[in-house]
Amino acid sequence: MTDSSSVKSGEYFKQLATVDMYLQFNNELDSIPIDTTLAIKKDYKFNYLQKDNFGLMPFANIGQTYNTLSFDASENKTKPSFGARARHFNYLEHEDIRFFEVPTPWTRLTYKTAFEQGQLLDAFFTVNLSKQFNFSLAYKGLRSLGKYQNSLTSSGNFRFNSKYNTKDKRYTAKGYIVMQDLLNQENGGIKTEDLENFASGNEEFLDRSVFDPNFENAENVLEGKRFYFEHSYKITKEKDSLSNNRLSLINKVSFEDKFFQFSQDVAVTDFFGDVFSNSINDRVTLEDFRTSLGLSYSNNTLGQVGFALNYTDINYGYNSVVLFPNQQSIPNRIVSNFIGIEGTYSKAYKGFNLSGRGSLNLSDTFVGSFLDGTISLKLNENIALSGGITINSRLANYNYLLYQSDYINYNWYNFDDFKNVNTQQIKFSLESQKLFNAYFDISNIDNYTYFNLEETIDQVNVIRPKQYNKPLQYLRLKLQKEFKVGNFALDNTIMYQNVVSDDNVLNVPDFITRNTLYYTNQLFKKSMTLQTGVTLNYFTAYNMNGYDPLLAEFYTQNNTELGGFPRLDFFINAKVRQTRIFLKAEHFNSSFTGYDYFSAPNQPYRDFIIRFGLVWDFFL
């Protein structure tokens, strides 16, 4: 089938099914087109995360973490996030879930080779059993041994979702179940004394398994289950509505249960410091329940207004209290429940689109709020403008507030001492295929919270959570433009960043760039689309964040400057019918531009490797 099918799916579809009839929706029920073409953006998204990873620096093995080269300060949250953020890049959040409506069953298989003894596979299936009812099943699994000792990754992401509405569309319901487990063996990177053997290109160490890492007996695991259900009922009937007045009752319920665990059979005191117990088993859990009940009202004059009350119940922590010899103790739980209010607004007026969201916790302990407003205007078919403002105040993430470990250095309680992180951001964008795409935001952050390398004692890094008690400003400007001449194209993306603060607490490179020169053509009587080219990724040198495997977090350090190395990838992509094939020689310049490529201090980036993958769509 070439974007069409002669199969009829039930009596409610009498016409031929075409690709534009296969719809997917985000949680706001905004329609997102399903794209089966072969564009350069598909090459950017063909990775472990299945999204454009511009601004992210991957580690050596697929499924490991990413060092963040760019920082997004805007958040529409009123409560802390779970810790171990370095393990969350492939953890599906609520906004990552999609719902579907399809005329015939649709299956998509995504496959990609990994690094030694493994592969990545994502299998997805969705079907409408009737015009009103759809469900989908998907599972993404990864196993990759890696080139370095004790760097195996293994992960699984299962998701099931469903969407239903009555024939008159007065009642609608949708929900999903997501179950995820992400396991990483950890080795602490290569030893400092081996950095010269790597950087010099010593032939004895080109086999990366020869390196002795800092340790070979650790692993961390992030597991989570989330259940979500949302339904609404239109109180007013369309035929009874005056001036298109519409009133709906909406109820949402979600529950998430997750844990993070770091384990070692024997403690490594020369890397993490002194211990309470020689066998390490640090485990922290979070149970997060939330429900809301609200009304949505809309008419042609006012627009759409929503208001809801919500209730949240949180239970985060450990099973025991830590007691130090000096009688200082670390509690084991942060437990709270509170009520909040939330609202939404949207209106289209004379070409302008206005939208806003806000939420406020009615709590003395979990103080939090956000307000987000956006205005957009499409000047013509070629130019679209938008601007917005975001104001957010919330507690720092849970692992800044409370952490326990069998390692003595990794115990703290800051719930009573740390203040809310307050962020204000102004953003603008211009999108134009004829001109260019531009995205600009500037943020002011008070009480910025981060992990900091306090000191190094006998080669043991002392990592502590800190709050910066002065305001800092952070600016980003991102430009994107593609030039086309015949079958050739040059796609360019560049980002400039600047942080204004008295101290180096937020480190980012000044410039990040990605440039792709490629050729596209139709071959074999247009039965195959071929795309081939070279991509350059580069960022300027800076004090790159270090990685702590016990916390699964990145920390600020100002001792080691990394970056300034090019990464060149050569690719050949093709599309035959509904199959897209990807072949890539990753980092093919690694052996002749210098072995100075690192993803973090003591964490080398991957060497040259050839990888293959495909995306296969079945429209039955």
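Structure: see above.
Residues numbered from 1 in each chain as written. Predicted model: local features only at pLDDT ≥ 70, side-chain atom pairs only at ≥ 80, totals over all residues. Heavy atoms only, no water.

Caption draft 1: Quick peek at the overall build of the chain. When helices and strands are counted, the chain shows 4 helices and 41 strands. The C-alpha atoms of the chain give 26 Å as radius of gyration, which agrees with the globular expectation for 620 residues (25 Å, within 12%). Seen through its C-alpha atoms, the chain measures out along the principal axes to roughly 75 × 65 × 40 Å. Looking at the chain as a whole, 50% of its 620 residues are labelled buried. Summed over all atoms, the accessible surface of the chain reaches about 29,000 Å², with 55% contributed by carbon and sulfur. Counting 61 positive and 67 negative side-chain charges, the chain places the averaged centre of each group 13 Å from the other. (Helix = DSSP H or I, 4+ residues; strand = E, 2+ residues; numbered from the N terminus. Rg over C-alpha atoms; globule rule 2.2 N^0.38 Å. Buried < 20%, exposed > 50% of the residue type's maximum accessible area, 1.4 Å probe, protein only. Areas by Shrake-Rupley, 256 points an atom, 1.4 Å probe, with all protein chains shown as cover. Lys, Arg positive; Asp, Glu negative; His and termini not counted. Charge placed at Lys NZ, Arg CZ, Asp CG, Glu CD.)

Caption draft 2: Local environment of the nonpolar core. Within the largest apolar cluster, 70 residues are counted, with the highest numbers of intra-cluster contacts made by Tyr316, Tyr407 and Tyr410. Among all residues touching Tyr407, those that are not within four sequence positions of it are Phe262, Gln264, Ala267, Val268, Phe272, Gly273, Asp274, Val275, Ile280 and Leu550. (Core = buried A, V, L, I, M, F, W, Y, C linked by side-chain atoms within 4.5 Å. Contact = heavy atoms within 4.5 Å.)

Caption draft 3: Region of the structure containing the side chain of Ser232. Following the sequence through the fold, Ser232 ends up in strand S13 (residues 218–234). Polar side-chain contacts of Ser232 include one of 2.7 Å to the side chain of Thr172. Aside from chain neighbours lying at most four places away, what touches Ser232 is Arg170, Tyr171, Thr172, Leu249 and Ile250. (Polar contact = N/O pair within 3.5 Å; in protein donor to acceptor, adjacent residues only side chain to side chain.)

Caption draft 4: View of a nonpolar patch on the surface. A contiguous nonpolar surface patch, about 620 Å² in accessible area, is contributed by Val534, Phe570, Ile572, Ile581, Leu583, Phe608, Ile610 and Phe612. Among the elements of the structure, strand S37 (567–576), strand S38 (579–586) and strand S41 (609–619) are those that each provide at least two residues to the nonpolar patch. Positionally, Ile572 belongs in strand S37. (Patch = residues over 30% accessible without salt bridge, like charges linked within 9 Å, V, L, I, M, F, W, Y side chains within 5 Å. Salt bridge = Lys/Arg side-chain N within 4 Å of Asp/Glu carboxyl O.)

Caption draft 5: Representation of the packing of aromatic side chains in the model. The final tally for this structure, using the stated rule, is 46 aromatic pairs. The interplanar angle of 50 degrees and the centroid separation of 5.9 Å between the aromatic rings of Phe71 and Tyr474 together place this pair among those described as tilted. With Phe71 in the loop between strand S6 (66–68) and strand S7 (99–101) and Tyr474 in strand S29 (residues 472–485), this residue pair connects regions lying 403 residues apart in the sequence. The class of Phe71 is partly exposed, set by a relative accessible area of 25%. Ring centres of Trp412 and Phe451 lie 6.1 Å apart, and the angle between their planes is 50 degrees; on these two criteria the pair is classed as tilted. Placement of Trp412 in strand S24 (residues 412–413) and of Phe451 in strand S27 (residues 449–457) is noted, with a sequence separation of 39 residues between them. Residue Trp412 is classed as buried on the basis of its relative accessible area of 5%. For Lys481, the ring lying beneath its charged end belongs to Phe483, and the centroid distance is 5.7 Å. Note that Arg514 overlies the ring of Tyr44, its terminal NZ or CZ placed 3.6 Å from the centroid. (Phe/Tyr/Trp six-rings, centres within 6.5 Å; stacked < 30°, edge-to-face > 60°. Lys NZ or Arg CZ within 6 Å of the ring centre and 35° of its normal.)

Caption draft 6: Geometry of the pairing of strand S10 (residues 133–144). Looking at chain direction, strand S9 (residues 119–128) and S10 are connected through 10 bridges and run antiparallel. Residue Asn128 lies in a different strand from S10, and its bridge partner there is Asn134. Where S9 folds back onto S10 in an antiparallel hairpin, the turn is made up of 4 residues. The sheet contact formed by S10 and strand S11 (residues 153–165) spans 12 bridges and is antiparallel. Bridging across to S11, Lys140 finds its partner in Asn157. (Pairing = 2+ DSSP bridges.)

Caption draft 7: Quick look at the sheet that holds strand S4 (residues 31–33). Here 3 strands make up an open sheet; going across it, the order is S4-S3-S7 and the pairing antiparallel. The sheet is open, and its two edges are formed by S4 and S7, each paired on a single side. Across the sheet, the mean angle separating the axes of adjacent strands is 35 degrees when strand polarity is ignored. Note that strand S3 (residues 23–25) and S4 share 3 bridges and pair antiparallel. Residue Leu23 lies in a different strand from S4, and its bridge partner there is Pro33. (Axes fitted to C-alpha atoms, helices over the stretch in contact; angles between N-to-C directions.)

Caption draft 8: The arrangement of the pattern of salt bridges in detail. The final tally for this structure, using the stated rule, is 25 salt bridges. Among the ionic pairs, Arg85 bridges to Glu93, the shortest N-O distance being 3.9 Å. Residue Arg85 is classed as partly exposed on the basis of its relative accessible area, which comes to 26%. Residue Asp441 pairs with Arg476 through a salt bridge whose shortest N-O separation is 2.9 Å.

Caption draft 9: Local environment of unusual backbone geometry. One non-glycine residue, Asn150, adopts positive backbone phi at about 55 degrees. Position of Asn150 among the secondary structure elements: in the loop between S10 and S11.

Caption draft 10: Local environment of the environment of Ser277. Its location among the elements puts Ser277 in the loop between helix H3 (269–272) and strand S15 (280–299). Look at Ser277 and you get partly exposed, because its relative accessible area is 31%. Spatially, the C-alpha atoms of Ser277 and Val266 are 9.1 Å apart, while their sequence positions differ by 11 residues. The contacts of Ser277, once residues within four sequence positions are left out, are Ala267 and Asp406. At a separation of 3.3 Å, a polar atom in the side chain of Ser277 contacts the main-chain carbonyl oxygen of Ser279.

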